[in-house]
Amino acid sequence: RRSVGAVASLPIKARHLLQVSYRFEEREPTEERAFEVLNPGTFARLQFGYRYSFARRYPRSVSAEHGRSIGVGGRWYARALGASFDQLMMTLDAREYINNPWADNQVLALRLVTALSLGPDYEERFVLGGVGGASILTAQTDDVFPLRGFAFDKDEGGTGMAVLYTEYRFPIWHVQRGLWTLPVYFRKVHGAVFAEGGNTFGNGSEEDVMAFLEKGWRRLRGGRLGLGAELRADLSLGWAFPLTLRLGAAVPWVNKGLMVEGAFQDKAVFYFSLGSTL
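Residues numbered from 1 in each chain as written. Predicted model: local features only at pLDDT ≥ 70, side-chain atom pairs only at ≥ 80, totals over all residues. Heavy atoms only, no water.

Asker: Looking at this model, I keep getting lost on the overall build of the chain. Mind explaining?
Answerer: Looking only at helices and strands, the chain has two helices and 15 strands in total. The buried share of the chain, reckoned over its 278 residues, is 40%. Here the analysis covers contacts within the chain between residues at least 6 apart in sequence; of these, 62% occur between residues at least 24 apart. As displayed, the chain offers around 15,100 Å² of accessible surface, 61% of which is attributable to carbon and sulfur atoms. (Helix = DSSP H or I, 4+ residues; strand = E, 2+ residues; numbered from the N terminus. Buried < 20%, exposed > 50% of the residue type's maximum accessible area, 1.4 Å probe, protein only. Contact = heavy atoms within 4.5 Å. Areas by Shrake-Rupley, 256 points an atom, 1.4 Å probe, with all protein chains shown as cover.)

Asker: I would appreciate a short explanation of the side chain of Ser61 in the present structure.
Answerer: Along the chain, Ser61 turns up in the loop between β3 (41–56) and β4 (66–77). The buried category is assigned to Ser61, whose relative accessible area is 0%. Side-chain polar atoms of Ser61 contact the backbone nitrogen of Tyr58, separated by 2.7 Å. A distance of 2.7 Å separates a polar atom in the side chain of Ser61 from a polar atom in the side chain of Glu65. Leave out the neighbours within four places in its chain, and Ser61 touches Asn105 and Lys188. (Polar contact = N/O pair within 3.5 Å; in protein donor to acceptor, adjacent residues only side chain to side chain.)

Asker: Looking at this structure, I do not really get the packing of aromatic side chains. What am I missing?
Answerer: Think of a pair of aromatic rings as described by two things: how far the centres are apart, and how the planes are tilted against each other in angle. According to the stated counting rule, one finds two aromatic pairs in the structure shown. Where Phe43 meets Phe85, the ring centres are 5.3 Å apart and the plane angle is 75 degrees; that geometry is what we call edge-to-face. Residue Phe43 is located in strand β3, and its partner Phe85 is located in the loop between β4 and β5 (87–99); the two are separated by 42 residues in the primary sequence. A relative accessible area of 3% places Phe43 in the buried class. (Phe/Tyr/Trp six-rings, centres within 6.5 Å; stacked < 30°, edge-to-face > 60°.)

Asker: Help me out: how do you make sense of a nonpolar patch on the surface in this one?
Answerer: Together, Trp76, Leu88, Met90, Leu116, Leu118, Met210 and Leu213 give the surface a local cluster of nonpolar side chains, amounting to about 620 Å² of exposed area. Secondary structure elements with two or more residues in the nonpolar patch: β5, β6 (107–120) and α2 (209–221). By secondary structure assignment, the location of Leu116 is in strand β6. (Patch = residues over 30% accessible without salt bridge, like charges linked within 9 Å, V, L, I, M, F, W, Y side chains within 5 Å. Salt bridge = Lys/Arg side-chain N within 4 Å of Asp/Glu carboxyl O.)

Structure follows, in structure tokens:
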């Protein structure tokens with residue numbers, strides 16, 4: 001991916017944000033499967049968005065504990081902007097944090113992400129899978145979203161997607177210690193149990209928006225669900241840069257059975273990753 005862009009933001013009373021951005025991006029596949037899942041080519045878009053955010057966290061919190069955020073946006077891909085196609089898309093990213101009133105620093109975290117293509121072309125595509133998180137050492141792209149328990153290279157991709165994440169987070173140990181004189185500071189150890197499910201839909205062959213939505217509804221009803229738990233450690237590198245380490249296990253649930261590598265099994269998927277998925 002080679003991209004260049006510009007962003008203009010207007011904060012309003014600390015909780016609201018209006019934003020407009022432009023991005024020009026060229027994508028080239030590094031393997032053959034990229035042609036089947038994420039379309040290569042030239043992508044240029046103008047995006048308009050609004051976000052409301054009011055989430056609180058405290059010194060002993062393992063994450064935000066109260067509040068919510070919601071972001072809605074519209075993406076316009078157009079030949080007039082430099083793209084090789086014309087496409088209109090709507091996006092939604094909503095998060096909610098619900099504190100447990102009977103247990104300190106325990107929280108239920110929810111996230112809903114959707115993207116709906118409105119045509120006339122259907123070139124921008126999405127993939128669900130993997131365990132990747134966002135951190136100072138890793139990044140998440142706009143078209144690949146984690147779905148723990150499922151390998152992202154097994155998803156056939158789609159021009160639309162919807163996924164719901166739920167996590168129950170709880171503290172285990174407030175370490176607050178350094179490692180000799182090394183620039184590493186351990187803050188806390190905490191855990192989470194999670195359930196997340198969703199699917200991609202649409203392949204670009206739909207005749208109109210109604211056919212696209214109908215196909216999406218069928219795919220979501222037969223969606224995929226990942227169940228699991230994680231052990232996490234928060235630390236600071238160089239006494240300034242936060243990093244979360246995650247060790248987890250997830251069981252992929254498809255329809256009425258457990259599926260790993262395309263076969264029904266009862267084995268969990270174990271992984272180690274950085275950052276947070278939501």
